[in-house]
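One-letter residues, chain by chain:
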Amino acid sequence: MQHQEDVLIEKARRGDIESFELLIEAYQKKAFNIAYRILGNLEDANDVTQEALVKVYRSIHNFKGNSSFSTWLYSIVNNVCIDFIRKNKKAKLLYIDGQQEQGAYTKELPDEMNTPECLFEKNEVKRMVHDAINQLNYEQRTIIVLRDIQGFSYQQIAEMLEISVGTVKSRINRGRNHLKLLISEGMKVTS
């Protein structure tokens, strides 16, 4: 599989569009999902993903292979998200977990009971968690999304964000602690 990816990368470097399309096919949905989780808006995530993929295509000759191609691609998605947020600081972030549109993936709770009360309670918990994530600063929100929602390893996150693994771990710890605090405060308000 890695050999096939290396061949596609080399062909894409020489301008072969079909090879590039085959190369990114496996990563496109996850790239969109990262942008969606960070930005919280389907249209913005779609625009950012497309912009990131264009940047990947234009700069594939800069890919050195020091990290995996996917890590490099996802770091570009993250950087384009940062640029987008800087340009649109007024935009309010909103996470919508209940909709599955245009390739968006959701992290759902296991459905052990389908009673209306249980479904309502699960939706409230999801809403509360997403509201709390929405209140985190960009740095904490990004690290929580990449680790806890997307499941990237510490090393992959370090490569994507161009920081040390130790910094990743400390940011995750701070982000999780802040998230717990926000959730517990949200629970006090609703009870």
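Please read these numbers as outputs of a predicted model, since none were measured by experiment. (Residues numbered from 1 in each chain as written. Predicted model: local features only at pLDDT ≥ 70, side-chain atom pairs only at ≥ 80, totals over all residues. Heavy atoms only, no water.)

**Some thoughts on a negative patch on the surface**
No. 1: Together, Asp16, Glu18, Glu21 and Glu25 line one region of the surface with negative charge.
No. 2: Position of Glu21 relative to the elements: it lies in helix H2 (residues 17-25). (Patch = residues over 30% accessible without salt bridge, like charges linked within 9 Å, V, L, I, M, F, W, Y side chains within 5 Å. Areas by Shrake-Rupley, 256 points an atom, 1.4 Å probe, with all protein chains shown as cover. Salt bridge = Lys/Arg side-chain N within 4 Å of Asp/Glu carboxyl O. Lys, Arg positive; Asp, Glu negative; His and termini not counted. Charge placed at Lys NZ, Arg CZ, Asp CG, Glu CD. Helix = DSSP H or I, 4+ residues; strand = E, 2+ residues; numbered from the N terminus.)

**Let's talk about the environment of Leu39**
No. 1: Among the structural elements, Leu39 can be located in helix H3 (residues 28-39).
No. 2: Once the C-alpha coordinates of Leu39 and Asn134 are considered, the two residues, 95 residues apart in sequence, prove to be 9.4 Å apart.

**Remarks on unusual backbone geometry**
No. 1: In this structure, Glu162 is a non-glycine residue whose phi angle is positive, near 55°.
No. 2: Summarising the element assignment, Glu162 is placed in the loop between helix H8 (154-161) and helix H9 (165-190).

**Points about the packing of aromatic side chains**
No. 1: Under the criterion given, the structure shown has eight aromatic pairs.
No. 2: Ring geometry for Tyr27 versus Phe69: centroids 5.8 Å apart, planes at 50°, classification tilted. A residue pair is termed long-range when its members are at least 10 positions apart, and Tyr27 in the loop between H2 and H3 and Phe69 in helix H5 (residues 69-87) qualify at 42 residues.
No. 3: For Tyr27, a relative accessible area of 14% translates into the label buried.
No. 4: Residue classification places Phe69 among the buried positions, given a relative accessible area of 1%.
No. 5: An aromatic cluster is defined as three or more aromatic residues linked by ring pairs; in this entry it consists of Tyr27, Phe63, Phe69, Trp72, Tyr74 and Phe152.
No. 6: If you follow Lys30 out to its NZ or CZ, it ends over the ring of Phe152, 4.4 Å from the centre. (Phe/Tyr/Trp six-rings, centres within 6.5 Å; stacked < 30°, edge-to-face > 60°. Buried < 20%, exposed > 50% of the residue type's maximum accessible area, 1.4 Å probe, protein only. Lys NZ or Arg CZ within 6 Å of the ring centre and 35° of its normal.)

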